[in-house]
Each structure stands twice: as structure tokens, then as C-alpha cells.
2 protein chains.
Amino acid sequence: MIDDFQHVSITCRDLERSVDFYERLGLRVIKRIEEVTEQGIANAFQLPPSRLKVVYLAPPQAASKLFIDLVQWLEPACTGESYPVLNHVGLNRLAFHVSDIDAATAALRPRGISFLSQEPQSFGPGIPSIVTTDPDGVFVQLIEGL
Amino acid sequence: MIDDFQHVSITCRDLERSVDFYERLGLRVIKRIEEVTEQGIANAFQLPPSRLKVVYLAPPQAASKLFIDLVQWLEPACTGESYPVLNHVGLNRLAFHVSDIDAATAALRPRGISFLSQEPQSFGPGIPSIVTTDPDGVFVQLIEGL
């Protein structure tokens with residue numbers, strides 16, 4: 001019935017600012033939907049008629065076909081702030097697999113990606129992990145192993 | 001550097017209630033971490049020492065290795081409510097691929113899964129989609145094609 005995950009969607013305040021962030025993180029734009037008025041989405045989500053800008057991004061070498069559906073709502077406009085803490089109820093964190101977390105953090109810092117902790121932190125059976133936040137404050141975790 | 005998506009995390013108020021929902025949706029529990037005190041997570045996310053219950057779930061036949069990391073925080077406790085609308089800034093929606101959306105909705109309704117619209121809605125180039133919410137109000141979309 002459910003075959004697989006298909007995508008995760010992030011509502012962002014400024015599409016180009018977020019695209020820039022995820023590109024610096026190493027993802028690639030796989031599709032741009034410049035501006036769309038979407039009655040189907042409005043019906044499906046019980047929203048008023050919607051106008052939005054959309055970009056899909058994915059890691060370039062990923063085996064999964066998953067992507068981020070990055071959405072800037074124009075009408076109705078984006079509202080609110082992302083969850084401020086990890087223990088806030090809701091879809092709260094997106095985790096990417098990296099093969100070498102030290103190499104990844106060393107490569108990402110010069111691209112302006114900053115992390116919540118100075119060094120990767122280990123949890124469970126010694127799994128190293130480090131966390132950044134996207135321009136809207138969405139928690140994005142890099143994780144080696146699991 | 002980033003190889004692939006690894007998981008998405010949902011903070012829930014009641015772990016068993018949410019496990020029941022995602023199992024009815026067709027996912028399977030792939031790991032249970034009954035209760036863990038995790039200094040590494042606390043350090044990585046700049047939280048006080050954390051105590052949490054965790055269950056991993058995934059679609060049983062999925063080609064991707066992605067999973068949902070379902071977390072009930074015990075200390076610090078879960079806080080807040082999930083985003084009430086789709087245009088709320090943040091990681092806002094999780095989408096699953098289904099091969100036949102009419103068959104999926106027909107199979108899921110008797111399991112107590114209710115949808116925001118009576119029928120699947122089409123968007124873009126005729127892609128049918130329907131939306132439910134998990135017990136904490138997280139938007140979960142079923143989508144055929146893309």
C-alpha cells in the first residue's frame with residue numbers, strides 16, 4: 001500500500017535564501033516550479049486557493065529517490081516560526097547520512113554552515129552526529145552510521 | 001559528503017498512540033529503544049540532559065532505508081502543538097508514495113484513518129494526493145506518482 005517515503009516538505013520564508021543554504025549543504029536543485037496556483041493542494045489541505053513557489057532538492061548521489069519539497073507560500077502567506085526546541089511536538093528534524101562526519105563538518109564550515117555544537121557528539125553505540133539549522137531554524141542533523 | 005536522507009524525526013506526546021497510528025497506516029516498527037538517557041543528544045541539540053523513548057518505523061517493502069524516528073520526550077517533557085496549517089514555516093509535511101491511491105484510501109478508512117478531503121485531489125499534471133494527520137496533527141500525505 002505505502003511503498004516508500006516520497007518527500008518531506010519545508011515551508012520557508014524566503015525560497016532563494018533556503019535554496020542557497022541547502023545547496024551549500026551539498027544538495028542539488030532537481031526541479032523548480034516557479035509559481036503555481038494550485039486548487040488541488042488547496043482542496044487537499046483545506047486551505048484557501050493557494051499560490052506558491054516550489055523547489056525540489058536532493059543529495060546528488062542518493063540511492064533513495066527522496067527529495068525536499070521547499071515551499072514559499074505567497075497566498076496564503078507563510079506564517080509563524082519553526083519549532084524552537086527539539087522536544088516540541090511535531091515533525092521536528094531531518095537527518096542526513098554522511099560517510100565521514102569530521103570531513104563533512106570540515107568541508108561545510110568554510111561554506112558558512114555553522115553547527116550547534118563545536119564538535120560532533122556521540123550517542124547510542126558511539127554514533128557521531130552534529131546539528132545545524134536552516135535559515136528558518138529547521139533542525140538538520142548529519143549522522144554517520146546507523 | 002551527504003550521501004542520502006537518513007531519517008525524519010517526529011516528537012509525539014504519546015509514543016504508543018503514535019506507533020498505533022503509523023502501524024495502521026502500514027508502517028512497521030523496526031526498532032524500539034525503550035527509554036534512554038542521552039547526554040550526546042543533549043550536547044548536540046543544546047538541551048539539558050535528556051530522557052526519551054524512541055521507536056523507529058518504516059514501510060516494510062521500502063527501497064529507501066529511511067525511517068521515522070518517533071520520539072516521546074520524558075525529560076525535558078514534550079511541549080507545544082504541531083503546526084496547525086501547511087503554510088506555517090518549518091518542516092511541515094511528510095509524504096509517502098502509494099502505487100494506487102484509491103485502493104490505499106479504501107484500505108485505510110476501515111482502519112480508522114481519516115482524510116482532510118473526501119476524495120483524493122489532483123495537483124500539477126494530474127497527480128492524485130490525499131492528506132491525513134497523525135495523532136499530534138502532523139500532516140501526512142499519500143501521493144501517487146511524481
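Anything mentioned here points back to the structure above.
Summarised in this report is the structure supplied together with it. From a predicted model like this one, the values you see are computed outputs, not experimental measurements.

### Observations regarding the environment of B:Arg24
Residues and elements named next belong to chain B.
1) Next: Inspection of the secondary structure puts Arg24 in helix α1 (residues 15-25).
2) Next: Counting along the chain gives 13 residues from Arg24 to Thr11, while the straight-line C-alpha distance between them is 19 Å.
3) Next: Excluding residues within four positions of it along the chain, Arg24 makes contact with Leu108, Arg111, Gly112 and Ile113.

### What about the relation of the copies chain B and chain A?
1) Next: Mapping chain B onto chain A leaves a residual RMSD of 0.0 Å; the transformation is a rotation of 180° accompanied by 0.0 Å of translation along its axis. The operation mapping one copy onto its partner corresponds to a two-fold rotation axis. Identified as the residue of chain B closest to the rotation axis by C-alpha distance is B:Ser64, at 2.4 Å.
2) Next: Same-surface contact between copies: 100% of interface residues of chain B are shared with the interface of chain A.

### Some details on the packing of aromatic side chains
1) Next: According to the stated counting rule, one finds nine aromatic pairs over all chains in the structure shown.
2) Next: Measuring from ring centre to ring centre gives 6.0 Å for A:Phe139 and B:Phe45, while their planes differ by 80°; the resulting arrangement is edge-to-face. In this pair, A:Phe139 sits in strand β8 (residues 139-144) while B:Phe45 sits in helix α2 (residues 39-45), so the two residues belong to two different chains. We note that A:Phe139, like B:Phe45, is buried.
3) Next: Geometrically, the ring pair formed by B:Phe21 and B:Tyr22 is edge-to-face, given 4.9 Å between the ring centres and 90° between the ring planes.
4) Next: Looking at B:Phe21, the relative accessible area reads 4%, which means it is buried.
5) Next: By relative accessible area, which is 0% here, B:Tyr22 ends up buried.

Parameters at a glance
Residues numbered from 1 in each chain as written. Chains lettered and ligands numbered in written order. Predicted model: local features only at pLDDT ≥ 70, side-chain atom pairs only at ≥ 80, totals over all residues. Heavy atoms only, no water. Helix = DSSP H or I, 4+ residues; strand = E, 2+ residues; numbered from the N terminus. Contact = heavy atoms within 4.5 Å. Least-squares fit on C-alpha atoms with pLDDT ≥ 70 in both. Phe/Tyr/Trp six-rings, centres within 6.5 Å; stacked < 30°, edge-to-face > 60°. Buried < 20%, exposed > 50% of the residue type's maximum accessible area, 1.4 Å probe, protein only.

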